[in-house]
Amino acid sequence: MDEDPELTSSPVIVIPESPERSENIDRPQNIQPIVNVDDNALFEDVLEIIQNNNQNYNSEAVLEHLNPDLPPSPILASTGVGLSRAASNPGEVELPRHSSQAHISNEDSNLIIANEESNSLASCPENRDGDDVDVEEPPAKVRKISSPKQEEGDGETCPICLDTWGNSGEHRLVALKCGHLFGWQCVERWLKAQATKDRTCPTCKSKANLKDMRFIYARRLVAADTSQIAALQKQIDVLKSENSRAELELLKSRIAHRACVLQLEVLRSTLMKSQTAKDQPPRRSWRFALEKNQEVSKDGGCRVLTYNCRTYELYVSQKSTNNLFPGYGIRKVSCIDYKLGQFIHLHPKPIRDITYSQPRDLLLSVGLDSSVRIIERGIPSASIQCGMPLWSCSWDYLRSNEFCVGGVGGVIHQYDVRNTNTSIQTLNTNDLSPVVSLCSTEHGLLSCQLNSCWLWESNMRQWIPKAIPIDGPFVSLCYDNDSHRALITSRASGNSRSKLTLFKLKANNSGEIMFDLEQTFVGSARSTLMSRGTFVRTPGAIWAAAHSESESALNLHGLDGARTMTLPAVEPALDICTAQVNGDTIVAALSESRLRLYKAVATSS
């Protein structure tokens, strides 16, 4: 039997016949198309008619809607079977369940629907007139077959942004649990915009979560190739990180360059100084000429003095000349015109030590009345009661707001000017003699008592005493920060004379402070007064100065090749101080009532 070429060229879907009634059906040998659909829209109209009505329609009515020019089909008319829309699947067309065969062809968008005569008519009961009764059987399902053009359009764009998705990057193809496809970035933004419990698929509104997203690797996927864009973006990120790293290296290089420039400037200045020293004429010699012998107090009571480098003034302790305010205070003496200045009353008992702080512009004084007075710009600002007679004081070398005071019993108190209500800590040793001198250095705190000398090393705010190996008894101690030297004055006892011991503080490789003994100078044969020694420095020369009571002279022992000199002094010098005024060196020697001022004068060698 020859087949119709139109039927053989199109795919055919055959709906199987009912197995129990197939023998009673006469199959037609040739099935002709009864419905020609030239457009997909016309087929959609059929589905719309079936969907809008929930009851069966007569086949002829449907065929008349599809093609009114065709004659009515006797087969469909005799069966009386209609078409209905499946409620469960809107994309399916229901045909009579017991129809013999249906042929559907998608070639050129033609739909062929063929129905056989149902065997159910034979099994149905007949009426009295012998006519067959029309019986509607439940329809069988035939799926809608989409055209190839529609299949090619599916899966090319994201339903959310309507943009083509790619096979890599942020807009690559992903599927949710329900099976719908989206761009990764779009559906992720969609789900995050909703509450966790309310997250649904944008297409079917079924439950969806971020963990349900799966990447799709389809063989027929038509996706934009974004691998080059992703590679470029990755390259941009790498370049940004390299740029940040380069900027950091540049900053480090600038800091290192600045440090090298500063170091170069230091080396250059050192070289210039050395060249200047080489170019200088031979070492000059110096002499000291008496400039002024000034009476400070007729009643005496002078004991110590210090120098204010800001105002070029000497502060001299003396007894009060006002009977209404008895006690002791300090007198200002100008180093420019050598005139006496203001008197400031401080203590009811004799003052034992005073010291000036250049960084804070503060003057500190201690006395036998157990009190500490702080003078700021000539005005007493604070008073501290220590509960014991005080003999010495010193500002801290590293912390300008702290100071130490020493008194009887070998006790040292440390205070802070910001809180003078209580001491920071208290230091003491086994030696109960008074602390006659205190000097704060970069290596620690030097303390001199009548019977011993100590170096207090600070370790995490804990002071550790270290004895200085020098024999006493002692009178005073002073320190030169420029040469790192200390000068200790010892008292004459028995047949031994007083002496000046010069030693240097230095740290070894392990960081331990060592005492390097340099020189010892012999002094007076007797020591009835506690006379303090000091360093005298001029350009190119340095001396260790101390009063010799037996010789009634002020001895300047030359150091580093300087010439030793003796200055006549009828009255014993209790304290000696050096001042630098406009490039000139002034040496001040204080007795109980008078102040002698010497000026260094350069002479040719």
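Note that the coordinates shown come from a computational prediction; the quantities given were computed from them, not determined experimentally.

Rules used in this analysis
Residues numbered from 1 in each chain as written. Predicted model: local features only at pLDDT ≥ 70, side-chain atom pairs only at ≥ 80, totals over all residues. Heavy atoms only, no water. Helix = DSSP H or I, 4+ residues; strand = E, 2+ residues; numbered from the N terminus. Buried < 20%, exposed > 50% of the residue type's maximum accessible area, 1.4 Å probe, protein only. Contact = heavy atoms within 4.5 Å. Areas by Shrake-Rupley, 256 points an atom, 1.4 Å probe, with all protein chains shown as cover. Salt bridge = Lys/Arg side-chain N within 4 Å of Asp/Glu carboxyl O. Pairing = 2+ DSSP bridges. Axes fitted to C-alpha atoms, helices over the stretch in contact; angles between N-to-C directions.

Q: So what's going on with the overall build of the protein? Residues and values would help.
A: Counting its regular elements, the protein contains eight helices and 35 strands. A buried classification covers 43% of the 605 residues belonging to the protein. Partitioning the intrachain contacts of the protein with sequence separation of at least 6 by distance along the chain shows that 48% fall at a separation of at least 24. Within the structure as shown, the protein displays about 33,800 Å² of accessible surface, and the carbon and sulfur contribution to it stands at 50%.

Q: Summarise the pattern of salt bridges; cite the residues concerned and give the values.
A: Inspection of the entire model under this criterion finds 13 salt bridges. Notably, a salt bridge pairs D516 with K506, separated by 3.5 Å at the nearest N-O pair. Here D516, found in strand β28 (residues 513-522), pairs with K506, found in strand β27 (residues 499-507); they are 10 residues apart in sequence, far enough to count as distant. Overall, D516 belongs to the partly exposed group, its relative accessible area being 29%. Residue K506 is classed as partly exposed on the basis of its relative accessible area, which comes to 43%. It is possible to trace a salt-bridge network through shared partners that takes in D480, D482 and R537.

Q: How would you summarise unusual backbone geometry if you had to cite specific residues and measurements?
A: Phi angles above zero are rare outside glycine, and D361 is one such case at about 55°. Along the chain, D361 turns up in the loop between β13 (351-357) and β14 (362-367). D361 gets classed as buried once you look at its relative accessible area, which sits at 17%. For H484, which is not a glycine, the phi torsion comes out positive at approximately 60°.

Q: How would you summarise the environment of L574 if you had to cite specific residues and measurements?
A: Summarising the element assignment, L574 is placed in the loop between β32 (565-568) and β33 (575-581). Among the residues examined, L574 registers a relative accessible area of 5% and is labelled buried. The sequence separation of L574 and L305 amounts to 269 residues, and the corresponding C-alpha distance is 9.5 Å. Not counting residues up to four positions away in its chain, the partners in contact with L574 are C302, R303, L529, M530, S531, R532, L590, S591 and E592.

Q: Residue-level account of the sheet that holds β13, with values.
A: The strand order across the open sheet built from four strands is β13-β14-β15-β16, with neighbouring strands paired in antiparallel fashion. In this open sheet, the two edge strands, each paired with only one partner strand, are β13 and β16 (379-385). Strand-to-strand twist across the sheet, computed as the mean angle between neighbouring axes with direction ignored, equals 20°. Of the strand pairs in this sheet, β13 and β14 are connected by six bridges, and their pairing is antiparallel. In the strand pairing of β14, I351 is matched with G367.

Spatial relationships are all this shows, so hold off on functional conclusions.
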